[in-house]
Structures are given as C-alpha cells and as structure tokens.
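# Chain and residue survey
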Amino acid sequence: MLADLSPLIAATTQWLIRSYPACGGALADALGEVQARQAVTVAAWLRYPTPTDVALVSMAGPGGSAGLDWITGADAPVPDDTDSAWRTWVDEVVASWAACLLTDPDLARRAVAATAEVAHATAVPAEFRRLVSPDPYDREAAALLRHPDLVAPVAALHGPALRDRLDPGRALAA
C-alpha cells in the first residue's frame with residue numbers, strides 16, 4: 001500500500017523543495033528534503049487514509065503541479081527536453097497540507113498523532129522528528145520552506161480542510 005503513494009509523495013516533495021529551496025549547501029539540501037518528505041508523507045497519509053483512497057488516486061492521478069506553479073509564479077513553459085513527467089504526480093491538496101504542517105508546529109503534532117488512525121501507520125514504522133521537533137540546523141536549512149509568509153499562498157489553498165480533518169467538531173461549534 002505504501003508503495004502506491006510513493007510517486008505522489010516523491011513528486012510533491014520534489015515540488016516543495018524546488019519551490020522553496022534549502023539554504024546552505026548539500027547538508028542543508030538533505031535536511032530540507034527530509035523535512036519536506038516528512039510533511040508530505042503525513043499529509044498524504046491523512047488525505048488518502050485507506051487502501052481504497054490510495055487505489056483511487058493511483059487510478060485517477062493526483063492532478064499535477066500546474067495550479068501550484070501558477071500560484072507561486074513558476075508557471076513558465078517547460079522546455080521539451082526537460083524531464084517534467086514527475087510534475088503530473090504532484091498533489092495540490094497534499095502540498096498545501098504539507099505547507100501548513102511545516103509552518104505550524106502544533107498542527108504538525110496533531111497531524112502526526114492523527115496518522116495513528118490510518119492504515120499506513122501500521123504498514124511501516126515512521127518517525128517524524130524533523131517535522132515536529134526541528135533543531136536549529138533543520139530550521140536554518142528549511143528557512144524558506146518553513147516561512148509562513150512565503151508559503152502562505154500554498155497553505156491557504158486547502159489549509160481549512162486540514163484543520164477540519166484534524167478537528168471535525170470545530171466547525172460544528174462555531
């Protein structure tokens with residue numbers, strides 16, 4: 001089951017780290033990618049919690065990066081010789097949720113706790129320390145990726161749906 005989400009997780013992570021690159025060399029690149037991958041994994045597990053959800057997104061496809069590229073201003077035409085097939089596996093909702101998780105530590109902790117309820121959590125052991133408890137090196141490496149103002153346009157796309165997913169009673173109380 002986890003393998004079926006792998007292309008979506010890899011592509012959405014790739015989109016995030018290309019859109020909000022790490023600052024400071026190879027180690028920073030690796031730390032930024034780990035944080036993005038952890039956020040995307042949690043978001044994907046919450047977005048597609050059952051084997052049926054995974055099968056549906058695998059058949060229909062997640063939608064691609066065109067909308068996200070337009071929002072971030074990276075919608076220039078890609079030359080024909082560039083390998084851009086991975087962009088078709090980018091999931092806009094998962095990218096938005098991941099951006100929310102990277103910029104809101106409390107939301108990230110609640111989301112990681114909520115993954116215990118999904119089938120993916122039992123498939124493999126997972127640890128999300130760099131997402132929920134980043135050290136100073138993590139924060140420095142992912143300064144752009146974790147900057148609330150910079151990722152706000154992406155986070156705002158589907159952030160309310162993530163909050164509803166994590167706290168379904170909140171909407172009823174309002």
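Before reading further, recall that the structure is shown in the block above.
Note that residues are indexed from 1 along each chain, following the sequence as it is written. For a predicted model such as this one, the threshold for reporting local features is a pLDDT of at least 70, and the threshold for listing and counting side-chain atom pairs is 80 or more; totals across whole chains, interfaces and linings nevertheless cover every residue. Side-chain metrics in this entry use all non-hydrogen atoms of the structure; hydrogen atoms and water are not considered.

Here we take up the overall build of the protein. Scanning the protein for helices and strands turns up 11 helices and zero strands. Each helix is a run of DSSP H or I of at least 4 residues and each strand a run of E of at least 2, with the numbering of both proceeding from the N terminus. Counting from the amino terminus, the protein carries its helices and strands in the arrangement α-α-α-α-α-α-α-α-α-α-α. Burial classification: accessible surface area is computed with a 1.4 Å probe over protein chains only, and a residue below 20% of its type maximum counts as buried, one above 50% as exposed, and the rest as partly exposed. Counting every position in the protein, which comprises 174 residues, the buried fraction comes to 39%. Surface accessibility of the protein: about 8700 Å² in total, with carbon and sulfur atoms responsible for 59%. All accessible-area figures derive from a Shrake-Rupley calculation using a 1.4 Å probe, and residue coverage is judged against the displayed protein chains alone.

We now examine the side chain of Arg146. When you line up the elements, Arg146 lands in the loop between α9 (136–141) and α10 (148–166). Here Arg130 takes part through its backbone oxygen, which lies 2.9 Å from a polar atom of the side chain of Arg146. Contacts are assigned to residue pairs with any non-hydrogen atoms lying within 4.5 Å of each other. Those residues in contact with Arg146 that lie beyond four places of it in its chain are Gln35, Leu102, Thr103, Arg130, Leu131 and Pro134. Here a polar contact means two N or O atoms within 3.5 Å. Within protein one must be a hydrogen donor candidate and the other an acceptor candidate, and residues neighboring in sequence count only if both atoms are side-chain atoms.

Centres within 6.5 Å are what make two rings of Phe, Tyr or Trp a pair, Trp counting through its six-membered ring; a difference in plane orientation under 30 degrees is then read as stacked, over 60 as edge-to-face, and the rest as tilted. What the rule picks out here adds up to two aromatic pairs. Residues Trp15 and Tyr20 carry aromatic rings whose centres are separated by 6.4 Å and whose planes lie at 80 degrees to one another, so their mutual orientation is edge-to-face. Note on Trp15: relative accessible area 1%, which makes it buried. A residue is classified by how much of its surface remains accessible, and Tyr20, at 9% relative accessible area, is buried. Taking 5.8 Å as the distance between ring centres and 85 degrees as the angle between the ring planes, the aromatic pair formed by Trp45 and Phe128 counts as edge-to-face.

In an α-helix, one full turn covers 3.6 residues, which means residues spaced three or four apart are oriented alike. For helix α6 (residues 105–114), the full list of buried residues reads Leu107, Ala108, Ala111 and Ala114. Looking down the long axis of α6, one finds its buried residues gathered within 125 degrees of arc, a one-sided arrangement. The inward-facing, buried residues of α6 abut α2 (26–47), α5 (92–103), α8 (129–132) and α10. Regarding α6, its N-cap is Asp104, as a side-chain oxygen of that residue lies 3.2 Å from the backbone nitrogen of Asp106 further along. To obtain the arc, one takes the directions from the helix axis to the C-beta atoms.

Throughout this description, the term nonpolar core refers to a set of buried Ala, Val, Leu, Ile, Met, Phe, Trp, Tyr and Cys residues connected via side-chain atoms within 4.5 Å. The biggest cluster of nonpolar side chains holds 46 residues, and the ones touching the most others in it are Leu5, Trp15, Leu16, Leu46, Leu101, Leu131 and Leu162. Going through the elements one at a time, α1 (2–19), α2, α3 (51–60), α5, α6, α8 and α10 are the ones with two or more residues in this core. In terms of residue count, the dominant contributor to this core is α5 (nine residues). Setting aside residues up to four positions removed in sequence, Leu46 forms contacts with Trp97, Ala111, Ala114, Thr115, Leu162, Arg165 and Leu166.

Think of each axis as a best-fit line through the C-alpha atoms, taken over the contacting stretch in the case of a helix, with angles from 0 to 180 degrees between the N-to-C directions. For the pair α6 and α10, interaxial distance at closest approach is 10 Å and the crossing angle is 55 degrees. By the angle class used here, α6 and α10 are oblique. Crossing angle aside, the handedness with which α6 passes α10 is left-handed. Contacts between α6 and α10 pair Leu107, Arg110, Ala111 and Ala114 from the former with Leu162, Arg163 and Leu166 from the latter. For classification, angles of less than 35 degrees are called roughly parallel, those exceeding 145 degrees roughly antiparallel, those between 65 and 115 degrees roughly perpendicular, and all remaining angles oblique. For any pair of crossing helices, the crossing counts as left-handed if the nearer helix is rotated counterclockwise from the farther one by less than a right angle, and right-handed if it is rotated clockwise.

It is worth spelling out the side chain of Asp69 at this point. Relative to the helices and strands, Asp69 is located in helix α4 (residues 66–72). The exposure class assigned to Asp69 is buried, which follows from its relative accessible area of 9%. Within the structure, the side chain of Asp69 is placed 3.1 Å from the side chain of Arg87, a separation counted as a polar contact.

Looking now at the pattern of salt bridges. Two side chains of opposite charge can pair, provided their charged atoms sit close to one another. In the sections that follow, a salt bridge refers to a side-chain nitrogen of Lys or Arg positioned within 4 Å of a carboxyl oxygen of Asp or Glu. Following the criterion strictly, the structure yields seven salt bridges and no others. We note a salt bridge from Arg163 to Asp104, for which the minimum N-O separation is 4.0 Å. Of this pair, Arg163 sits in helix α10 while Asp104 sits in the loop between α5 and α6; the two residues are 59 residues apart in sequence, bridging distant segments of the chain. For Arg163, a relative accessible area of 29% gives the class partly exposed. Residue class for Asp104 comes out partly exposed when judged on its relative accessible area of 24%.

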